[in-house]
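# Results of the structural survey
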Amino acid sequence: QGTMAEKILVTGGAGYIGSHCVVELVEAGYVPVVIDNFHNAIRGADTLPESLRRVQQIVRQPIIFQELDITDEAALQELFSKHRFSAVMHFAGLKAVGESVQKPLEYYRVNLTGTIRLLETMKAHGVRNIVFSSSATVYGDPKYLPLDENHPVGGCTNPYGKSKYFIEEMIRDLCKAERDWNAVLLRYFNPIGAHESGMIGEDPQGIPNNLMPYVAQVAVGRREFLSVFGNDYRTDDGTGVRDYIHVVDLAKGHIAALKKLKENCGCKIYNLGTGTGYSVLQMVRAMEKASGREIKYKITGRREGDVASCYANPALAERELGWKAAFGLDKMCKSIPPPRHAVCCRLLLFWLTPHRRSLPVAGEDLWRWQLQNPTGF
C-alpha cells in the first residue's frame, strides 16, 4: 500500500471485547495501539497481557502495547506525543453492574475522570474521532421493546449505567460545541461467545458477573451451580430476558463505526444487538446443548439494578453502518472442526457427531474457549 495504515488507539484493549476488536482491526488493515492497566487482564510473557499475546498468534503479527491507566494524564500526553492516531476506540472502564451499586465512587472516578482525561488529551493533540463503548443499560427500565435509539435514556438503575450515560452526554456536548469532532456511541446489549480459534474469550477475574461465563464455568466443573437471580419477572419463564450478541459480531460493528467517522458524521448513536431476547433458562439450555453437560442452577432473589427484559431494535445500525449480527443463538451453524489443542478422544467424538450441527454458534464458541481454557488465561 502507498498510504500508511491508520493507527487506532484502543483503551482497555486487553479486555474481553477490546481484544476481539484488536483482531478485527488488524484484519481490516488498521494498526491498533493498545493501552490497558491490567485491572481485568492477565499478565502474560514479555510484559504483554496474555490476551494480546494470543491475539498476536491469531493475526500473526506483533501488537503495540503499553501498560497505562487512562486516569494518568501525564502518561496519556506522552503516549499521544509518540503516536499519530486517526481515531480512538474507548473500552477502558469498570463494568460490573452489581459492584457499581456497592462502589459508586470508584465507578465514577475511573469511568468519568478517565474519559475526561482521554478527551482532553485527544483535543490537545488534534485527534477528534472516537468510538465509545456504551451500553444498553443507559435505557434504564424499558418503557417499550424492542429498544431503539430514540428510547429515553438516563433513567439508569445502577451507577455503572449512569457512568455510561454521563459519558455519552459529555461526548454529545463536545460534538455540539466543536463541530470538527466525530463520535460513534455504541450501545451494546449482552456480549457472549469467543473467537472461533478458542484462544481468546471472556475470562472474568473472580466470580463472573455475567451469565454466560458463569454458565460455562459450571459446565466445565469450576463452579458447582448457577444462581439465577429471580424467577418472578414478567417474562415467559419468569427469568430475565436479554439480547445476547456474539462478541465477534460486536467487534465487526466497531470497524463499521470507524468507517462511519470518515464521513464526518458528528455524533451518532447505534444499538449493537441481535433484536432477539432470550431468558436465562433458555441460555442455560443452549449451553447444555453445546456442552453436552447438565448445568445445575438454583433460583435466588432478584439482583439490585436488574431489569426484566431488554433487547434491541438494531435496524438503524443496519441501515446506516451496513452492520448486522451474523451469529444469532437461533442462527444454526455447521459442525465445528476439532479444537487445536488435543482433547481426549471421547470429546473429539462428541465434537464430530452429527447432532452438533444444529447448535447455537455463540454457545459453541464459548464452550470451545472454556474447554481449551478451563481456568481462563
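How each quantity is defined
Residues numbered from 1 in each chain as written. Predicted model: local features only at pLDDT ≥ 70, side-chain atom pairs only at ≥ 80, totals over all residues. Heavy atoms only, no water. UniProt positions renumbered as here; feature names shortened; annotations may be inferred. Pairing = 2+ DSSP bridges. Helix = DSSP H or I, 4+ residues; strand = E, 2+ residues; numbered from the N terminus. Axes fitted to C-alpha atoms, helices over the stretch in contact; angles between N-to-C directions. Polar contact = N/O pair within 3.5 Å; in protein donor to acceptor, adjacent residues only side chain to side chain. Contact = heavy atoms within 4.5 Å. Core = buried A, V, L, I, M, F, W, Y, C linked by side-chain atoms within 4.5 Å. Buried < 20%, exposed > 50% of the residue type's maximum accessible area, 1.4 Å probe, protein only.

If you check an unreviewed UniProt entry, the chain appears there as UDP-glucose 4-epimerase from Pelecanoides urinatrix. Under the UniProt heading Sequence similarities (unreviewed entry), the entry covering the chain gives this text: "Belongs to the NAD(P)-dependent epimerase/dehydratase family."

Reading across the sheet, the seven strands line up as β3-β2-β1-β4-β5-β6-β11 and stay open at both edges, with parallel pairing between neighbours. Each edge of the open sheet carries a strand with a single partner, namely β3 (64-67) and β11 (267-272). Strand-to-strand twist of the sheet, defined as the mean angle between neighbouring strand axes without regard to direction, takes the value 20°. Note that strand β5 (residues 129-135) and strand β6 (residues 182-188) share seven bridges and pair parallel.

You can see His254 is positioned in helix α8 (residues 247-261). Of note is the side chain of His254, whose polar atom sits 2.7 Å from the side chain of Tyr188. Once residues within four sequence positions are removed from consideration, His254 is found in contact with Cys21, Met89, Phe91, Val131, Leu186, Tyr188 and Leu272.

Judged by nonpolar contacts, the single largest core of 47 residues is most densely connected at Ile17, Leu25, Leu52, Val55, Met89, Leu186 and Leu258. Going through the elements one at a time, β1 (7-11), α1 (16-27), α2 (50-59), β4 (85-90), β6, α8, β11 and α10 (315-321) are the ones with two or more residues in this core. Excluding residues that lie within four positions of it along the chain, Leu258 makes contacts with Ile8, Leu25, Tyr30, Ala87, Met89 and Val131. Listed in part, the 27 residues of the second largest apolar core include Ala75, Leu79, Leu118 and Ile130.

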